Amino acid sequence: MKCTPVIICLSLCLVLCSAAPSADVETVQNNADVKPDGYNFVLETSDGTKRTEEAILKNIGTENEAISVKGSYSYLGPDGVTYTVNFVADENGFQPEGAHIPRE
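These remarks concern the structure in this document.

Definitions and cut-offs
- The residue numbers shown here count from 1 along each chain, following its written sequence.
- Totals for whole chains, interfaces and linings use all residues, but because this is a predicted model, local features are given only for residues with pLDDT of at least 70 and pairs of side-chain atoms are given and counted only at 80 or more.
- Hydrogens and water molecules were not included; the side-chain quantities draw on all heavy atoms of the structure.
- Note on definitions: salt bridges are taken to be side-chain nitrogens of Lys or Arg within 4 Å of carboxyl oxygens of Asp or Glu.
- To sort residues, take the accessible area from a 1.4 Å probe on protein chains only and compare it with the maximum for the residue type: under 20% means buried, over 50% means exposed, and anything in between is partly exposed.
- Helix and strand assignments follow DSSP, with helices taken as H or I runs no shorter than four residues and strands as E runs no shorter than two, numbered in order from the N terminus.
- Think of it this way: DSSP has to see at least two bridges between two strands before they count as a pair.

So, on to the pattern of salt bridges. Oppositely charged side chains can pair when the atoms bearing their charge come close. On inspection of all chains with the given rule, the structure shows three salt bridges. For the salt bridge of Asp33 with Lys35, the shortest nitrogen-to-oxygen distance reads 3.5 Å. Under the relative-accessibility criterion, Asp33 is labelled partly exposed at 32%. The exposure class of Lys35 is partly exposed, given its relative accessible area of 45%. Between Lys58 and Glu91 there is a salt bridge; the shortest N-O distance is 3.1 Å. Remark: Glu91 occurs in the loop between strand 5 (82-90) and strand 6 (93-97) and Lys58 occurs in strand 3 (residues 50-58); sequence separation between them is 33 residues. Judged by its relative accessible area of 25%, Lys58 is partly exposed.

The structure is reproduced here in structure tokens:
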């Protein structure tokens, strides 16, 4: 399904946003640009959480049309460590990379 990577990315964003430790967290930066063939955005909150994402629509108008998303997010864990995840989400699925993520 062509929309699966986008759904996965949006789900992760919802999880990160709902995990906010307190109501005192404020948005520091929130910029977005949505176009017919893609989008990009930057989000940063006062608790140190950051997220950037850029997407492009590939193979427009063909049977192989797909969205390709590249981005990263970082957050301060309960252990005081800042965790960063870089990812690609495309026709090959969600592919995260981070120092704390086990590799196969």
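From this point, the narrative continues.
Another point: the pairing of strand 5. Note: strand 4 (residues 66-76) against strand 5, eight bridges, orientation antiparallel. Each residue of the ladder has a partner; that of Tyr75, found in strand 5, is Tyr83. Following strand 4, the chain reverses through five residues before pairing antiparallel with strand 5; Gly80 in that reversal takes a positive phi of roughly 85°. Pairing of strand 5 with strand 6, which is carried by five bridges, proceeds in the antiparallel orientation. By the bridge assignment for strand 6, Ala89 is matched with Phe94. Hairpin remark: strand 5 followed by strand 6, antiparallel, with two residues in the connecting loop.

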